[in-house]
Amino acid sequence: MINTMRSQLADLFYQNAAEMPQKQAIWCDGKTATYKEMADLVSRYSNFLVSKGVEYGDHIAIPMNNSIESVALFFTAADLGVCLVPLNPTLPLDSIKVAMLSGDMKHLIARKSFLSDCEKQGGINVPGIKVCLDGDFEGAYSFNEVAQMPTTRPTCENINGDESLILTMTSGSTGTPKPIDISQKNKVDRSLAHIRVYGLTKDDRILAATPLYHSLAERLVILPLILGATSILLPRFTPAIWLKCAEEQKPTFTIAVSAQLAQILDLIKQTDAQGIDSFRCIVSSSALLEEKVKLELIERLKCEFHEMYGTSETSTVTDICFQKARNKQKSVGLPFDEAEIKILRDDEDNELECAVGEVGEITCKSKLTCKGYYKLKNMMEMATTDGFFRTGDLGYVDEDGYLYFAGRKKELIITGAINVYPNDVDAVVNQLTAVEECAAFSYPDERLGEVVAVAIVVKDGCELNERTVKMYCARKLADFQQPHKIFFVDMLPKNTMGKLQRNRILSHIMNMGFDK
Amino acid sequence: MTDIKEFVTDYIQREYTVPEDVDIMTLNYIDAGYIDSMAFIQFISTIEDEFDIEFEVEDIDNPELRIVGKLIDFIKSKVKEQQ
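Per-chain numbering applies: the sequence of each chain, read as written, is numbered from 1 onward. All chains are assigned letters beginning at A, and all ligands numbers beginning at 1, according to the order in which they are written. Per-residue local features are limited, in this predicted model, to residues with pLDDT of at least 70; the limit for side-chain atom pairs, both in listing and counting, is 80 or more; totals at the level of whole chains, interfaces and linings are taken over all residues.

Right, let's get into the overall build of chain B. Of the regular secondary structure elements, chain B holds four helices and zero strands. Note on conventions: DSSP H or I runs of at least 4 residues are helices, E runs of at least 2 residues are strands, and numbering of each starts at the N terminus. In chain B, the succession of helices and strands from N to C terminus is α-α-α-α. With respect to the principal axes defined by its C-alpha atoms, chain B has extents near 35 × 25 × 20 Å. Among the 83 residues that make up chain B, the fraction classed as buried is 27%. Residue pairs at least 24 apart in sequence account for 58% of intrachain contacts in chain B once pairs closer than 6 positions are excluded. Put plainly, a residue is buried at 20 or more neighbouring C-beta atoms within 10 Å of its own, exposed at 12 or fewer, and partly exposed in between, counting only other residues' C-beta atoms, which are placed from the backbone. In this description, a residue-residue contact is defined by the distance between C-beta atoms placed from the backbone, which must lie within 7 Å.

Structure follows, in structure tokens:
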């Protein structure tokens with residue numbers, strides 16, 4: 001018997017296209033597509049990839065930009081049962097190669113400039129096909145052929161929802177990548193949970209303003225298209241582009257990164273922008289927003305304001321509406337129905353639950369949790385206690401069950417919502433021969449929340465300047481890993497056992513007067 | 001030698017193509033988001049490697065060099081100095 005089960009995620013989208021063919025599905029960078037046009041594009045991409053030999057279960061790497069084409073590819077991937085691996089196009093080629101290996105990528109879809117850069121640096125081998133998104137490139141199929149493909153949806157059977165849809169790469173450039181494996185079912189469940197919690201409807205215009213190679217934007221473009229709403233996708237973020245888009249495209253809902261909201265508010269104040277009146281609800285994610293910023297945003301944008309807490313592994317765990325829980329202003333809210341939280345004591349066995357108000361590690365069990373880390377089953381098991389994923393964040397719960405964020409257990413720098421592992425930066429700076437030792441650490445920044453800083457002890461008799469360090473890092477690290485601040489110090493703070501105390505570097509620098 | 005204008009305009013458009021109705025020579029590529037401010041230093045180092053020139057710290061901080069045309073002129077003058 002033939003099983004004709006198709007992708008639920010793609011089905012939901014195609015159903016909307018059949019019911020509302022002329023409705024606007026998406027806007028990005030001045031271009032729009034109706035549901036009919038979007039469905040035709042998705043089908044054409046599917047037919048194109050199938051005709052070139054792409055098969056169920058294949059992994060496709062794509063240095064991804066924010067575009068209608070990228071969004072269509074998510075639905076193509078779902079419909080074919082293949083897995084997309086969106087990559088940060090600014091990563092150095094070596095890191096891209098490592099990421100491609102760890103994600104078992106068979107095919108590569110990229111812009112011409114990427115393929116050409118690869119060529120200059122010795123090329124990049126994939127066992128499957130290469131596709132050039134914008135024009136012709138030797139050795140790659142051209143996406144221009146897509147226009148000749150039929151718009152009929154290809155028949156793809158046996159898609160049960162457990163297929164990996166997206167591998168999200170979480171790693172630095174030198175560390176081992178930890179690809180977060182998100183299934184088709186994960187994506188559907190996550191979308192449905194957010195639709196319920198935020199009361200989203202077909203009338204909503206949902207803005208995504210972060211890069212599509214991060215899970216937040218992926219969620220914000222897939223969600224509207226399976227709901228039958230409209231997706232507004234910002235091509236790239238600057239506060240000015242965001243404001244212009246908000247004025248012209250009239251979004252009603254967005255989940256933004258808190259660092260973005262602070263920058264947007266600054267610009268609104270500077271320009272006295274008035275025309276942003278379409279939002280019904282804004283959700284801030286990734287770090288707590290200062291109360292002053294929150295209040296001013298609410299006053300200016302006149303909408304419901306939420307904050308959420310979550311991780312890429314678990315999706316959103318808690319949410320709070322600022323206006324509805326005025327006595328819980330410092331909290332990140334109550335758990336989603338799908339999630340359960342437990343605060344565990346930070347001790348050796350890590351199994352004892354904290355009392356109300358006691359700070360410990362935030363752990364979470366959620367129906368929205370990803371499949372795991374791709375090919376790193378042990379790593380996910382190691383990060384899980386009794387079914388609860390250990391987030392590496394510290395927090396506590398009050399008597400009403402509200403969660404409060406209290407810092408991070410992991411040595412991590414979060415700059416503009418992107419995780420930077422200090423070891424990755426250390427490894428590169430240490431390659432400079434004049435460096436005796438060094439340590440990257442988090443430095444507070446108004447615009448990005450935190451930036452990467454590095455404290456360096458220079459070898460006796462050697463010389464090193466800031467420019468040399470910055471230029472070396474520019475060649476070896478991704479954009480978000482670049483150190484913004486360099487401090488030359490006499491020593492690094494260590495405990496009596498000689499272990500680096502990264503969390504004390506900032507105060508050490510301040511106390512010693514190095515921060516000028 | 002690589003054409004300076006072509007190199008700079010190609011790099012800026014690695015992720016997004018500048019629309020045809022935009023005058024690319026007067027474009028502020030940072031404000032317009034074509035190069036993220038975090039990626040600026042990488043852009044400068046790539047130019048240094050490609051044309052074998054060096055930017056001084058004050059050049060890196062010079063806001064004028066965020067304009068495509070001014071940056072191209074600057075690279076041209078640096079290359080000339082080298083020769």
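What follows picks up the thread again.
On to the overall build of chain A, then. Summing up its helical and strand segments, chain A has 14 helices and 27 strands in all. By the compact-globule yardstick of 24 Å for 516 residues, chain A fits well, its C-alpha radius of gyration being 23 Å. With the principal axes as the frame, chain A shows a C-alpha extent of 70 × 60 × 50 Å. For chain A, the share of sequence-separated contacts (at least 6 apart) that also reach a separation of at least 24 residues comes to 65%. With the radius of gyration taken over C-alpha atoms, the globule rule is written as 2.2 Å times the number of residues to the power 0.38.

Parts of the prediction with low pLDDT should not have their coordinates interpreted in detail. All names here are of chain B. On average, chain B scores 90 in pLDDT, and the residues at 70 or more come to 99%. Confidence per residue, as judged by the predictor, is encoded in pLDDT with a range of 0 to 100. Per-element averaging of pLDDT across chain B places helix 3 (residues 57–61) at the bottom with 86 and helix 4 (residues 68–82) at the top with 93. Of the two predicted TM-score estimates for the complex, the pTM is 0.87 and the ipTM is 0.80.

Residue and element names in this part refer to chain A. Any two strands are treated as partners once DSSP identifies two or more bridges connecting them. What the three strands build is an open sheet, ordered 25-26-27; its pairing is mixed. On the outer flanks of this sheet lie strand 25 (435–445) and strand 27 (485–488), each paired with one strand and no other. Strand-to-strand twist of the sheet, defined as the mean angle between neighbouring strand axes without regard to direction, takes the value 25°. Pairing of strand 25 with strand 26 (residues 449–458) involves 10 bridges; the strand directions are antiparallel. Axis definition: a line fitted to C-alpha atoms, over the contacting stretch in the case of helices. Angles run 0 to 180 degrees between N-to-C directions.

Another point: the interface of chain B and chain A. Residue-level contacts link 15 residues of chain B with 19 residues of chain A. Ranked by the residues each element gives to the side of chain B that touches chain A, the list is headed by helix 2 (residues 40–51) of chain B, at four residues. Amino acids are sorted into nonpolar (Ala, Val, Leu, Ile, Met, Phe, Trp, Tyr, Cys and Pro), charged (Asp, Glu, Lys and Arg) and polar (every other residue, Gly among them). Looking at the side of chain B that touches chain A, its residues break down into six nonpolar, four polar and five charged.

All names here are of chain A. Relative to the helices and strands, T271 resides in helix 9 (residues 258–271). Residue T271 is classed as exposed on the basis of its 11 C-beta neighbours within 10 Å. Measuring from C-alpha to C-alpha, the distance between T271 and A240 comes to 10.0 Å, with 31 residues separating the pair along the chain.

Each nonpolar core reported here comprises buried Ala, Val, Leu, Ile, Met, Phe, Trp, Tyr and Cys residues connected via C-beta atoms within 7 Å. Membership of the largest hydrophobic core comes to 169 residues, with the highest contact counts inside it found for M38, I62, L84 and L87 of chain A. Those residues within four positions of I62 of chain A in sequence are excluded, and the remaining contacts are L73, L84, V85, P86, L87, I109 and A110 of chain A.

So, about the pairing of strand 27 of chain A. Regular strands show a simple pattern: their side chains alternate between the two faces of the sheet. All names here are of chain A. Sheet topology note: the strand 26/strand 27 ladder contains four bridges and is parallel. Residue pairing in the sheet places V454 in a bridge with I486 of strand 27. Crossover strand 26 to strand 27 through helix 13 (residues 466–476) is right-handed. By convention a crossover is right-handed if, when the strands point away from the viewer, the path from the first strand over the helix to the second runs clockwise.

Our next topic: the pairing of strand 1 (residues 24–28) of chain A. Residues and elements named next belong to chain A. Burial of strand 1 is extensive: four of the five residues sit out of reach of the surface. As defined by bridge partners, strand 1 adjoins strand 2 (residues 31–34) across four bridges and the pair is classed as antiparallel. Residue pairing across strands places I26 opposite A33, the latter belonging to strand 2. Taken together, strand 1 and the strand that follows it, strand 2, pair antiparallel across an intervening segment of two residues, in which D29 is found at a positive phi of about 50°. Pairing analysis gives three bridges linking strand 1 to strand 11 (residues 230–233), with the strands arranged parallel. Looking at the pairing, W27 lines up with I232 of strand 11.

Two measures define how a pair of helices packs: the angle their axes make with one another and the distance between the axes. All names here are of chain A. Contact geometry of helix 2 (residues 35–51) with helix 3 (residues 68–80) gives a least axis separation of 9 Å together with a crossing angle of 55°. As far as their axial angle goes, helix 3 and helix 2 are oblique. The element helix 2 and its partner helix 3 pack so that their crossing is right-handed. Where helix 2 approaches helix 3, its residues M38, L41, V42, Y45, S46, L49 and V50 are matched on the opposing element by A72, L73, F75, T76, D79 and L80. Of the residues in the contact of helix 2 with helix 3, the class split is 10 nonpolar, two polar and one charged. Comment on the angle field: the value is read as roughly parallel under 35 degrees, roughly antiparallel over 145, roughly perpendicular from 65 to 115, and oblique elsewhere. With the far helix as reference, a near helix turned anticlockwise by less than a right angle produces a left-handed crossing, and one turned clockwise produces a right-handed crossing.

All names here are of chain A. Across its 14 residues, helix 9 extends 20 Å between first and last C-alpha, which sits within 8% of the 20 Å expected from 1.5 Å per residue. Listed as buried for helix 9 are S258, A259, Q260, L261, A262, Q263, I264 and L265. Next to the buried residues of helix 9 lie helix 8 (239–249), strand 12 (253–257), strand 13 (281–285), helix 10 (291–301) and strand 26. At the exit of helix 9 stands D272, carrying a positive phi of roughly 50°. Multiplying one less than the number of residues by 1.5 Å gives the expected span of a helix.

Glancing now at unusual backbone geometry. Non-glycine residue K302 of chain A carries a positive phi angle of around 45°. For K302 of chain A, the location among the structural elements is in the loop between helix 10 and strand 14 (304–311). Phi at D52 of chain B takes a positive value of approximately 55°, unusual for a residue other than glycine. Topologically, D52 of chain B is positioned in the loop between helix 2 and helix 3.

Attention now moves to the sheet that holds strand 15 (residues 315–321) of chain A. Across the sheet, nine strands lie side by side as 2-1-11-10-12-13-14-15-16 (chain A); this open sheet has mixed pairing. Both edges of this open sheet fall to strand 2 and strand 16 (334–335) of chain A, since each of them pairs with a single strand only.

Looking now at the environment of K5 of chain B. Positionally, K5 of chain B belongs in helix 1 (residues 4–12). C-alpha of K5 of chain B to C-alpha of D36 of chain B: the two residues are 31 residues apart in sequence and 20 Å apart in space.

Right, let's get into the packing of helix 8 of chain A against helix 9 of chain A. Residue and element names in this part refer to chain A. With their axes 9 Å apart at the nearest point, helix 8 and helix 9 run at an angle of 75° to one another. By the angle between their directions, the pair helix 8 and helix 9 is classed as roughly perpendicular. Between helix 8, through P239, A240, W242 and L243, and helix 9, the contact on the second element is made entirely by Q263, I264, D266, L267 and I268. Across the contact of helix 8 with helix 9, the residue classes break down as seven nonpolar, one polar and one charged.

As a further point, take the environment of S102 of chain A. Residue and element names in this part refer to chain A. Considering the arrangement of structural elements, one finds S102 in helix 4 (residues 93–102). A residue is classified by how many C-beta atoms lie within 10 Å of it, and S102, with 20 of them, is buried. Expressed as a C-alpha distance, the spacing of S102 and Y374, which sit 272 residues apart in the sequence, is 8.2 Å. If near-sequence neighbours (up to four positions away) are discounted, S102 is found in contact with P177 and P179.

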